[in-house]
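Examining the three-dimensional arrangement
If you want the building blocks of each chain, they are given just below.
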Amino acid sequence: MDAEGLHMNIDYVGSSGVILSTEQKAALQSSLVISKSNYKFRSVKFWGKIFGVNSDYFIVQGVGKDELKERKTLYSQDCVHWGLLPVVTESMRHTCSFVKGRFTGDPSYEYEHTETKKAEGVDGEKLDAVDEESIIMVKEEDRLATTIEAIDYDVRIVPRGAYYRTALGTVEPNRSFEGLSVPDSGKLSSYFHFREPFLFTQKTLLQKAELDKAIDFLDPIDTDIPKGGSWSIQFERGSGLVTLRSLHWLGFTFYHVPGSRKYGSVYVGVGTKNLDLPFML
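Here is a short report on the structure shown in this document. For clarity, every value in this text was computed on a predicted model and none was experimentally measured.

The terminal C-alpha atoms of helix H2 (residues 22–39), which comprises 18 residues, lie 26 Å apart, in line with the 26 Å expected from a rise of 1.5 Å per residue. For H2, the full list of buried residues reads Ala-27, Leu-28, Ser-31, Leu-32 and Ser-35. Check the buried side of H2 and you find it contacts helix H1 (6–9), strand S1 (43–50) and strand S2 (57–63). Downstream of H2 by one or two residues, Lys-40 has phi in the positive range, about 60°.

This paragraph deals with the sheet that holds S2. Pairing in this open sheet of eight strands is mixed, and the strands run S4-S3-S2-S1-S15-S14-S13-S12 from one edge to the other. Edge positions in the sheet fall to strand S4 (83–84) and strand S12 (231–236), since each of these pairs with one other strand and no more. Bridge analysis of strand S13 (residues 241–246) against strand S14 (residues 252–256) gives four bridges, and the strand direction is antiparallel. Bridged to Arg-245 within S14 is Thr-253. Packing against the sheet, H2 makes contact with S1, S2, strand S3 (71–76) and S4, and its axis sits at approximately 130° to S1.

Before going further, it helps to examine the pairing of S12. Across six bridges, the pairing between S12 and S13 is antiparallel. Bridge pairing links Phe-235 to Val-242 in S13. A loop of four residues connects S12 with S13, the two strands running antiparallel in sequence, and Arg-237 in this loop sits at a positive phi of about 55°.

What counts and what doesn't
The residue numbering used here restarts from 1 in each chain and proceeds along that chain's sequence as written. Where local features are concerned, this predicted model is filtered to residues with pLDDT of at least 70; where side-chain atom pairs are given and counted, the filter is 80 or more; whole-chain, interface and lining totals use all residues. Side-chain figures throughout are based on the complete set of non-hydrogen atoms in the structure, without hydrogens or water. Counting from the N terminus, the helices are DSSP H or I runs at least four residues long and the strands are E runs at least two residues long. A helix's residues, less one, multiplied by 1.5 Å, set its expected span. Remark: exposure states derive from per-residue accessible area (1.4 Å probe, protein chains only) relative to the maximum for the residue type, with buried under 20%, exposed over 50%, and partly exposed in between. We call two residues in contact whenever any of their non-hydrogen atoms come within 4.5 Å of each other. Strand pairing requires that DSSP identify at least two bridges connecting the strands. Axis lines are fitted to C-alpha atoms, over the contacting stretch for helices. Their N-to-C directions set the angle, which ranges from 0 to 180 degrees.

Shape descriptors only; they carry no functional weight alone.
Following this line, the structure appears as structure tokens:
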């Protein structure tokens, strides 16, 4: 959710148990303005919080002109001093996949993983299978970055029409977006994954003809697997507020006020994906 007006926007997800203290709101309001200026971000968004055993991580993201591609993630433990998370690489995803359990709360902490590989040794003319063990060290800072990337890929969503793709290929906010209607806001097909699309090319020619390529360039969430069981959607305050909660990443909440430009999302949890979802339906 937008850091500007955070003290009011956070109330939209209060029913999900997302609460910031008065001290945290005040510290975020001032420190994020400084971070926006220092890093020359176009805007700053409060991403959420990941709980650690000894300390918690507050997460914000700064975006550039292209909000889909130009995005950097910062973390803090006191809402005042911010550190820039590293860019996630394929090797980081591989090594961090071995780490399980809660975050410790110390970004410099290193997890130790022992990987066993099969190797062939030569003993005279006899070939023997020898197990080789290698120790892999994984920094919690790297694990934090990969976890945030995974959550963003799976559940970062926006209402239909909130963004458009320009002729140059950049993705920018749609200034003519006035919010979803009440009936549309209750449909999963009205919300898109805010990530590089891959399902659009698989749509039928008839479907393509009915879509507006400028705004329908993202993947709708109603196709998520398990279909119909990945999201929980409900109205609050009569029909004045709609909230969507992810059942894959418990703790992620998206909100939208129908008929207005107000929408946003936040994640507050332990950073663990619910892999048991298919067995819970």
